[in-house]
Structures are given as structure tokens and as C-alpha cells.
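# Residue-level structural notes
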Amino acid sequence: MGNTLVESQLTLAHDTLKGICEKISTYLNETKLTEMLSEDNQTDEEYYKAVLSSLRRVLVFCEEGKDASEVILNGKTFRKTAAEKTLYWVYHNCIEEFFNPRIDNWFEDSRSAYTGKNAIKFSKPVPESLKDLMKSIEGPFQSIREELEYYETDFQTKMLHTK
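Residues numbered from 1 in each chain as written. Predicted model: local features only at pLDDT ≥ 70, side-chain atom pairs only at ≥ 80, totals over all residues. Heavy atoms only, no water.

Quick look at the pattern of salt bridges now. By the definition in use, this model includes six salt bridges. Here Lys131 ties to Glu128 by a salt bridge, and the two come within 3.4 Å at their closest N and O atoms. Note that Lys131 and Glu128 are positioned in helix α6 (residues 128-147) at a spacing of three residues, about one turn of the helix. The exposure class of Lys131 is partly exposed, given its relative accessible area of 31%. A network of salt bridges, in which partner residues are shared, links Glu45, Glu46 and Lys49. (Salt bridge = Lys/Arg side-chain N within 4 Å of Asp/Glu carboxyl O. Helix = DSSP H or I, 4+ residues; strand = E, 2+ residues; numbered from the N terminus. Buried < 20%, exposed > 50% of the residue type's maximum accessible area, 1.4 Å probe, protein only.)

Pasting the structure below:
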């Protein structure tokens, strides 16, 4: 891939991750577990704790990806190999953690592409505020996922062949 394409993908990933980080941070900073429990008639405190923990994990990965891409984009010269490695990392950590969290608090409904509905489904009922957050970040995650699909397999294959 040419430097221009990789740089534009890195810029897109950076800007998208920045917006996602802001939304998740705001939600986590403004939401209390007690509010979540009172907002929903179903009171499953352990599940809510696990969901918030998974969101924090997504946030940490997104912040790391955003920071790494910022360093590369602000460098004196554009380092294509470092950018590709960062994009690979973003795909396999940020995007994969969002759509397939380590703890199955939510999951991606693969049929959503056919129905036009949101892909993220929760294992148990959750408050509307959490559903709204996930809806607001799902689109940006989906757009960078589609842009960076190359890094799912092709980049790894390329790296193996260059060794």
C-alpha cells in the first residue's frame, strides 16, 4: 500500500478513535452504577459491573490506538511500517474488543447487516442510556472496521513473507 493510503487510513482511525474515546469517557464519567440500577427495573448489579468493566477495556485500547497513531502522524517523517503495525493493532484490539468482547457482556448479531438494525446486542437487559451509547459508537467502529479489514489477514501475511 502507498504511503498516502496508509496515512489517510491512520488519520481516519485516529479521528474515529478520538470521537469514540470522548463518548465512552463521558458516559463512564457521568454514569454511576446506582443510577444504572435505578434506571432499569431489572437489577443485575454484577452484570452491570461487568459491562462497565468491558467498556473501560474498550476505552483503554482505543486511547492506546489513538495515542500511537498521533505519535506517527506528528512525526517529522511518515513511517509507513509503524503506521501499518498500528493499524493492525487497532483492528485486532479496538475493533475486535468492541465487536467481540473478552467477557461476553454483549455480542454482535451477524444478521443485523440484513435487517439494518444495530449489531450490538446485550446478553441481559440494560438501561437505555447504555443502549444509546453503544448505538452512537457502533457506526464509527463499523466504518473503521470496513476501512481496515485489510489488516485482519493480509498485513500479517505480508509481514511473514518479508521475514
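Another point: the packing of aromatic side chains. Pairs of aromatic rings are described using the distance from one ring centre to the other and the angle between the two planes. In this structure the tally under the stated criterion is seven aromatic pairs. Each ring, one from Phe61 and one from Trp89, has its centre 5.8 Å from the other, and the planes form 75°; the classification is edge-to-face. Taken together, the residues span a long stretch of sequence, with Phe61 in helix α3 (residues 45-73) and Trp89 in helix α4 (residues 80-99) at a distance of 28 residues. Residue Trp89 is classed as partly exposed on the basis of its relative accessible area of 27%. Three or more aromatic residues link up through ring pairs in this structure, and these residues are Phe98, Phe99, Trp106, Phe122 and Phe141. Above the plane of the ring of Phe99 lies Arg145, whose end atom (NZ or CZ) is 3.9 Å from the centre. (Phe/Tyr/Trp six-rings, centres within 6.5 Å; stacked < 30°, edge-to-face > 60°. Lys NZ or Arg CZ within 6 Å of the ring centre and 35° of its normal.)

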